[in-house]
Amino acid sequence: MSEQDSIPTTKTERSAKFVKTGFQIGGNYIKHYSKKLFNPELNRDELNENNATDIYKSLSELKGSALKIAQMLSMDKNILPKSYVDKFTQSQYNAPPLSGPLIVRTFTKNVGKSPEQVFDKFKLTSTNAASIGQVHEAELNGKKLAIKIQYPGVGDSISSDLKLVKPFAFRLLGMSERELNIYIKEVEERLLEETDYELEVKRSMEITLACKDLDHVVFPTYYPELSGKRVITMDWIEGMHLKEFLKTNPNQELRNKIGQALWDFYNFQQHELRAVHADPHPGNFMITPDEKLGVIDFGCIKEMPDDFYYPFFSLVSTDVMRDKEKTLEAFKKLEMIHEGDTPAQVEFYYNAYREMIELFAKPYTGSTFDFSRPEFFNQLYAYGEKMAKMPEFKQARGVKHFIYVNRTNFGLYTILQELKAVVQTDTFKPRQL
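Residues numbered from 1 in each chain as written. Predicted model: local features only at pLDDT ≥ 70, side-chain atom pairs only at ≥ 80, totals over all residues. Heavy atoms only, no water.

### Considering the sheet that holds strand 9 (residues 293-295)
Then comes step 1: One open sheet accounts for three strands, arranged 5-9-8; its pairing is mixed. Either end of the sheet is taken by a strand with one partner, and the two such strands are strand 5 (217-218) and strand 8 (285-287). (Pairing = 2+ DSSP bridges. Helix = DSSP H or I, 4+ residues; strand = E, 2+ residues; numbered from the N terminus.)

Now the structure itself:
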């Protein structure tokens, strides 16, 4: 993969990149409709492929929050055409890295010393480049280390980038403007945290300590004395990403073991810590040679306040859904039903959300669940597509916490589906009032 020798950092440079991409997309539409004049049966596959390629190329060169949006959208498989999902999925594992000289300058500016002055060995070629930063292999006193270095300008460009990304997101997601504003605001808050590497080191150390007794889950040791606002130093964890792991054709027992570790990791955090690793894309996990789940990134953490946690999980894990009045009360607390709704609207949203939650909650209704079952995911995606087409859901519904909590749980489900794992789902149960 080719390296980038520079990255647009000023608002003007980044804005110009978006404008250029907009012109390219406009050109793609002109070409598409010109061809359609001669072939009325022409579908949008080629148009989607061209647009996805141009948008991803632009976002991958910009890095930061722009590329992060692409990464998030790639996980929401039921709201984007396949061309976009396939292209944006690249950001989960490996985006084009910055060149060695540029990364050395970035490290030196943030640390005050060059990598060669700090470490015994430092590999200039990145081993993994993602949306916010890239990872380099290093060595100090015989210990192999992973050095995560944030791209220059990323932390300072979040707000302006999201304003520029908004028109693209508006077209792709089909949300109302109010709903999109809530979405963008919540994403902005999480990204501001995600670019604060000192906060990430602190949270990483706290959560790994809390999760240390989980079976078959391992974490790197973090070194705050070798880290800073834009640099994180941690132990190197050997292993394979999920895609590589699945290519080895692991047996069902091993698939279940890794799947169980993943399920326990997430549900322990949700129900015991009320703060959850909210970036469950496969690039953040490794399967180690001794068959354990390595968790290598804690940049995005979502805290769940009591006024969200209790009504949300009461719907999933108790008999509340059998009592219409209690269900409506929970829906109102979660702003899924509004005070000004008419009786007809209340009934519509009650039925629609009840069906959705009963689908979502299926893994919680027994002691084990088989995530290889295609019918479960077919129903989930079909219902998501149905809701997306309903005019009643064009307006914002639900508190902002749904954005990352839903993303976390559906991301978890998706990875377990790829593993085709059968897991015990009653290991960490939701707490009740």
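### Overview of the side chain of Gln269
Then comes step 1: Mapped onto the elements of the fold, Gln269 is located in helix 12 (residues 252-273).
Then comes step 2: A residue is classified by how much of its surface remains accessible, and Gln269, at 0% relative accessible area, is buried.
Then comes step 3: Leave out the neighbours within four places in its chain, and Gln269 touches Ile207, Cys211, Arg274, Ala275, Val276 and His277. (Buried < 20%, exposed > 50% of the residue type's maximum accessible area, 1.4 Å probe, protein only. Contact = heavy atoms within 4.5 Å.)

### Some thoughts on empty space enclosed by the protein
Then comes step 1: Across all of its chains, the model carries two cavities of 30 Å³ or more by this definition.
Then comes step 2: Within this model, the second largest cavity holds a volume of roughly 70 Å³.
Then comes step 3: For the second largest cavity, the full set of lining residues is Leu242, Ile258, Leu262, Pro282, Phe285, Ile287, Leu293, Ile415 and Leu419.
Then comes step 4: For the lining of the second largest cavity, the elements supplying multiple residues, two or more each, are helix 12, strand 8 and helix 17 (402-419).
Then comes step 5: In terms of residue class, the lining of the second largest cavity is made up of nine nonpolar, no polar and no charged. (1 Å grid on protein atoms, 1.4 Å probe; cavity = no way out; pocket = protein on both sides within 12 Å on 5 of 7 lines; lining within 4 Å. Points joined across faces, edges and corners; volume = space filled by probe spheres on them. Nonpolar A, V, L, I, M, F, W, Y, C, P; charged D, E, K, R; others polar.)

### Remarks on the pairing of strand 3 (residues 133-140)
Then comes step 1: Taken across its eight residues, strand 3 has six buried, putting it largely inside the fold.
Then comes step 2: Here strand 1 (residues 121-122) pairs with strand 3 via two bridges, running antiparallel. Looking at strand 3, one finds that Lys121 is bridged to Glu139.
Then comes step 3: Of the pairings in the sheet, the one linking strand 2 (residues 128-129) to strand 3 comprises two bridges and is antiparallel in character. Bridge pairing in strand 3 links Ala129 to Gln134.

### Some remarks on the packing of helix 12 against helix 17
Then comes step 1: Put simply, helix 12 and helix 17 touch, their axes get as near as 9 Å, and they point 170° apart. Overall, the two elements helix 12 and helix 17 adopt an arrangement that is roughly antiparallel. Touching Arg255, Ile258, Gly259, Leu262, Trp263, Tyr266, Asn267 and Gln270 of helix 12 are Val405, Thr408, Asn409, Leu412, Tyr413, Ile415, Leu416, Glu418 and Leu419, all from helix 17.
Then comes step 2: Class assignment of the residues belonging to the contact of helix 12 with helix 17 gives a composition of ten nonpolar, five polar and two charged. (Axes fitted to C-alpha atoms, helices over the stretch in contact; angles between N-to-C directions. Parallel < 35°, antiparallel > 145°, perpendicular 65-115°, else oblique.)

### So, helix 17
Then comes step 1: Here helix 17 is 18 residues long and its end C-alpha atoms lie 25 Å apart, about the 26 Å a rise of 1.5 Å per residue gives.
Then comes step 2: Taken across its 18 residues, helix 17 has 14 buried, putting it largely inside the fold. (Expected span 1.5 Å × (residues − 1).)

### Things to note about the pattern of salt bridges
Then comes step 1: Enumeration according to the criterion identifies 23 salt bridges in this entry.
Then comes step 2: Taking the shortest distance from any N to any O, the salt bridge between Asp196 and Lys229 comes out at 3.5 Å. One end of the pair, Asp196, is in the loop between helix 9 (177-194) and helix 10 (197-210); the other, Lys229, is in the loop between strand 5 and strand 6 (231-235), with 33 residues separating them in the sequence.
Then comes step 3: For Lys229, a relative accessible area of 40% puts it in the partly exposed group.
Then comes step 4: With its nearest N and O atoms 2.8 Å apart, the salt bridge here joins Glu347 to Lys324. Of this pair, Glu347 sits in helix 15 (residues 343-360) while Lys324 is found in helix 14 (residues 324-333), placing the two residues 23 residues apart along the sequence.
Then comes step 5: Residue classification places Lys324 among the partly exposed positions, given a relative accessible area of 33%.
Then comes step 6: What you see here is one network of salt bridges that share partners, running through Glu189, Arg190, Glu193, Arg203, Glu303 and Lys400. (Salt bridge = Lys/Arg side-chain N within 4 Å of Asp/Glu carboxyl O.)

### Observations concerning the packing of aromatic side chains
Then comes step 1: One pass over the full model with this rule turns up 31 aromatic pairs.
Then comes step 2: Between Phe331 and Tyr350, the aromatic rings sit 6.4 Å apart at their centres with planes inclined by 55°, giving tilted as the arrangement. Of the two residues, Phe331 is situated in helix 14 and Tyr350 in helix 15; the sequence distance between them amounts to 19 residues. Side by side, Phe331 and Tyr350 carry an identical accessibility label, which is buried.
Then comes step 3: For the pair Phe371 and Tyr413, a centre-to-centre distance of 5.6 Å together with 50° between the ring planes defines the contact as tilted. Here Phe371, found in the loop between strand 11 (368-370) and helix 16 (374-389), pairs with Tyr413, found in helix 17; they are 42 residues apart in sequence, far enough to count as distant. Of the two residues examined, Phe371 and Tyr413, each falls in the buried class.
Then comes step 4: Here the basic side chain of Lys324 rests over the ring of Tyr350, its NZ or CZ set 4.9 Å away from the ring centre.
Then comes step 5: The positively charged end of Arg397 is found above the aromatic ring belonging to Tyr349, 3.8 Å away from the centroid. (Phe/Tyr/Trp six-rings, centres within 6.5 Å; stacked < 30°, edge-to-face > 60°. Lys NZ or Arg CZ within 6 Å of the ring centre and 35° of its normal.)

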